[in-house]
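Here are the chains, one letter per residue:
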Amino acid sequence: MSSNGPGNPRRLSPRRSPSCENYERFDHSDDEDETQNDVFNILHKKAPLESLMKWRKATLALNASRRFRYTSDLKRAEKREQIIRKIRTSAQAVRAVYLFKKGVQNTKKEEETPPEGFEIGPTTLANLVRDRDLNCLQQLGGVNEVARLLHTDLEKGINEVPEEIQRRLQAYGENSYPRKAARNFFVFVWEALQDTTLIILMVCAALSLVFGIKTEGIKEGWFDGASINFAVILVILVTAISDYRQSLQFQNLNEEKRNIQLQVPADGILIEGHSLSIDESSMTGESKYVYKDKKNPFLMSGCKVADGYGTMLVTAVGLNTEWGLVMATISEDNGEETPLQVRLNGVATFIGKVGLAVAVLVFLILIIRFFTGNTEDKNGKTMFKAGKTSVGDAFNGIVKIFAIAVTIVVVAVPEGLPLAVTLTLAYSMRKMMADKALVRRLSACETMGSATTICSDKTGTLTLNQMTVVKAFIAGESREPPDTSEGLPPVIQALLVEGISQNTTGSVYKSKGSGEMEVTGSPTEKAILSWALKVLCSLGMNFDDERSKSSILHVFTFNSEKKRGGVALKRSDSEVHIHWKGAAEIVLDLCKTWIDSSGSVQEMTPTKVDENKKIIEGMAAATLRCIAFAYRTCDLHNVPVDEEQRQSWQIPEDNLTLLAIVGIKDPCRPNVREAVHICQKAGVKVRMVTGDNIYTAKAIATECGILQPGEDTEQYAIIEGRDFRSYSEDERLKFVDKICVMGRSSPTDKLYLVQALRKRGHVVAVTGDGTNDAPALHEADIGLSMGIQGTEVAKESSDIIILDDNFASVVKVVRWGRSVYANIQKFIQFQLTVNVAALTINFVAAISSGDVPLTAVQLLWVNLIMDTLGALALATEAPTDHLMIRPPVGRREPLITNIMWRNLIVQAFYQVTVLLVLTFKGNDILDLKLDSTARANEVRNTVIFNAFVFCQIFNEFNSRKPDQINIFRGLRQSHLFVGIISFTLVLQVLIVEFAGKFAKTTPLNWKKWIICIVIGFISWPLAAIVKLIPVPETPLSDYFRLKKRRRRHSSENRSKSDGKAEVNEGQNHHV
């Protein structure tokens, strides 16, 4: 029960060597130039504050609170930093403020009374760590005495009996902090109400209601105003419901993120540690790692373990810690704008400005026609006659015209377009959780769709991480399988048991239930410890007894740069043994002697070195990880006596004696070859970057399909980290594209590889699990950390956490990233088609006839279909296999592709043509000549409205597959799409047949319904025929950009030539 209060020892996870803090970041000038030229292009990582402010100012938004809901709250972020600074300087002041807010007065005396059943109080414990008061700790008697006061065992922890846990909870509090309550549904209703155009429409509806009742009486006059209000309320409710559901999804995702522990969980005191370094930057602002030992034993909640391992005694939890105070004082800001979201805001702004211009033109044309007597009512009578029409009637006519113009703005400004990104990201993130991927940064989800290369680790990602020792080379003899210690010299056996049991971050203990020995630690440590228990201790040796025969003087934790770890031991006879364990060929180079089968020490001759190297190469070629064990003795007088000096003491690593070489088998994951093939087919190159030697790396890469037959003979396809590092930056850029496998790589090599690939224009995804991988994860376009083997620092630096450490999950993330982009493009195509058609029909009709066929209520319904319901239907489509047979999405690829332009223009042209024909010739085509003018116009306009809606419903199917003829593929799995289409159809029938008074429609007979359905249906075969028309690969926008560039160059050349002419003229004049 690790988080149930003070008194509980916490094991701090083993960590690798410190991170490369000082590393060079390349300046990606291309991205920055484009960002400066277009305010709606921002960097996908660490976008400057200035660019974030610019695009907000340039955005045309009808409802800013809704549009910017899921973007970063820049003011709140600034406030957050100010609060953190205050907490750093005065934690006690913040505590007082918080308690004051809660209405609690601090009535405690200076001498704190310990809780019942304990001998030390929570305030004393909290102040101990907060003030880092070493004197106070010594006065209390050290960590052992504090543990006694808390009635806890430093070895076993607290008693996990429920009553005991409850008693500690009451005494010291819970390890949690109050979080801001989630917003309820009515908050979203209120935000939807703040739409400027909807407010104007409600005012227009109220005025129309007043004038309607005044002129036509209460029985008939209330319909116009009430119908607009009803439509507005429907839009608000549907919008609020959609936004509320979206909010709940983000809330659930945030809960999942909190379950991933990235920090030290509570305040505490170090009990025992080895090379333990802590990143305290989250609390102190200092970026340097702080080394923890008996002179600095205080550990703060919220900090991250950077290196080493240790055990701590928990002293404070929840609001008794500084981190708890920070989290209680600051409300979380989950907002984060993504590049795609910002670009869509740019598209929405452009469309909105065009729509606004059209709305103003329509308003002016209708007003002019109204006051010049060219506007007729439904009965064919002139609506305004100078000197005869009352002021009230004239004002009512102006209000109705204004309402139509405002409604055109509502339809024209696609508020839902940027929010569709958030919707599809929320949906994708929720589904990705089921696929074992936790997204920490929204933008990474969409950037993954543009990934052109994945630099993957080997162990645990491409392999199962289930390691076993299958081969050993001891005392000059090969043992396969190494299942017995028979014939093994006792001296080697004793030394191996001593070295393996002490030079490890794992542990061996007896299970309480079965009584059998169990092993914990990393997969490599578990494999070695299990082998030692099974083979080396088979002669009756007790593992714990062997460990008790020596005490640890100093530990050099495994270092990914040096590829080895060591320990200095003081034996009971005061002799000092130093044991090293690590990469076989590296440890072998440090050995000067070896022990033969008789137990005698022999010199490591060149012949013996070559023999051992061949053994290592043979193991590696069989995909085995090779680990060597070696030791040496050391004079006790050469070991520093002072503990502080000992911490900086370099353990001797020369003149070693080789004890054994073992081969560890880590089989490839069953589905990894298929996953790699999917990536390669999708245009994503997979590269393996591993710390294993080049032979093991080559064998595993071939087995996984990363290396194709014959590819291993190509220059630079397989390279060692040290060789890659030795080249200059410019030389690396020449061959980096050829690299498939990098063996014996260090974190620095991985960083250089990522930088070189990005310089070459690649969008790079990189996996990492160690603390030293943090720079590469940070530098990559998408950093993928491992959820099982990953360190806290690696997870904190990453954008996505792969929860099962499986490469197949990385491939699923690529699919979802592409799906985000594809779904947004579907929605854009659908929405722009509606926009173009609606604006064109109303504009042309207003100019020619002085009336618009689509009323305010009808346009609001179309807006609902197009905006909220359309986003729900199209932005939540699941990814398909088709996405993985096309190349990666270019990061600067236009949102509206040539294929989309083709589909959009043809569909919009078809809709506009048909509906304008119905507008001007509808009475003849629909056989309405014999009806009265009012009746004919009513039926005609209802058919136009109904046909227009059916065109959108059928076109929604076309938008599902913009580049495929079969638009029904996968429809059975798209339950939400089918549900929304069904809901739209039912509501359309109700509006036409039963809501005539409100929607200005009239019931249609079955022939008219068939005509409407046929008009919509024709869009299906039309779309299929159009998709056969080829389109140029060069984006349409590039042609305009090229023309613009040519004009700029020509003008520059003219100015230069003019300048030269002036100079020549001046020179001639001078002569």
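Residues numbered from 1 in each chain as written. Predicted model: local features only at pLDDT ≥ 70, side-chain atom pairs only at ≥ 80, totals over all residues. Heavy atoms only, no water.

Engineer: Explain the sheet that holds strand β22 (residues 764-768) to me, please; I cannot follow it from the model alone.
Structural biologist: Two strands in a sheet stick together by hydrogen bonds in their backbones, pointing the same way (parallel) or opposite ways (antiparallel). Strand order in the open sheet formed by eight strands is β6-β24-β23-β22-β7-β19-β21-β20, and the pairing between neighbours is mixed. Both outer strands of the open sheet, β6 (437-439) and β20 (718-720), are each paired with one neighbouring strand and no more. Neighbour to neighbour, the strand axes of the sheet diverge by 20° on average, direction disregarded. Taken together, the three bridges between β20 and strand β21 (residues 741-743) define a ladder with parallel strand orientation. Its bridge partner being in β21, Ile719 is matched across the sheet by Met742. (Pairing = 2+ DSSP bridges. Helix = DSSP H or I, 4+ residues; strand = E, 2+ residues; numbered from the N terminus. Axes fitted to C-alpha atoms, helices over the stretch in contact; angles between N-to-C directions.)

Engineer: Sorry if this is basic, but what is going on with unusual backbone geometry here?
Structural biologist: Glycine aside, negative phi is the norm for most residues, and most peptide bonds take the trans geometry. A cis geometry characterises the amide bond from Glu480 onward to Pro481, with omega recorded as -5°. Within the secondary structure layout, Pro481 lies in the loop between β9 (477-479) and α20 (490-502). One non-glycine residue, Lys563, lies in positive phi territory at about 60°. Within the element layout of this structure, Lys563 appears in the loop between β12 (550-559) and β13 (564-571). Classification of Lys563 by relative accessible area gives buried; the value is 8%. (Buried < 20%, exposed > 50% of the residue type's maximum accessible area, 1.4 Å probe, protein only.)

Engineer: Even after reading the chapter, I still don't get helix α35 (residues 898-925), so can you show me in this structure?
Structural biologist: Structurally, the α-helix is built with 3.6 residues per turn, so residues lying three or four positions apart point the same way. If you check α35, its first and last C-alpha atoms are just 36 Å apart, much less than what 28 residues at 1.5 Å a residue would give, namely 40 Å. Where α35 bends most, the angle comes to about 65°, and this point is Thr919. Backbone geometry just downstream of α35 places Asp927 in the positive-phi region, at approximately 60°. (Expected span 1.5 Å × (residues − 1). Bend = angle between axes of the 7 residues up to and from the residue.)

Engineer: Looking at this structure, how should I read the side chain of Thr321?
Structural biologist: Looking at where Thr321 falls in the secondary structure, it is placed in the loop between β5 (304-316) and α15 (322-329). Residue Thr321 is classed as buried on the basis of its relative accessible area of 2%. A distance of 2.8 Å separates a polar side-chain atom of Thr321 from the backbone oxygen of Gly318. Once residues lying within four places of it in the same chain are set aside, the contact partners of Thr321 are Arg130, Asp267, Ser301 and Ala316. (Polar contact = N/O pair within 3.5 Å; in protein donor to acceptor, adjacent residues only side chain to side chain. Contact = heavy atoms within 4.5 Å.)

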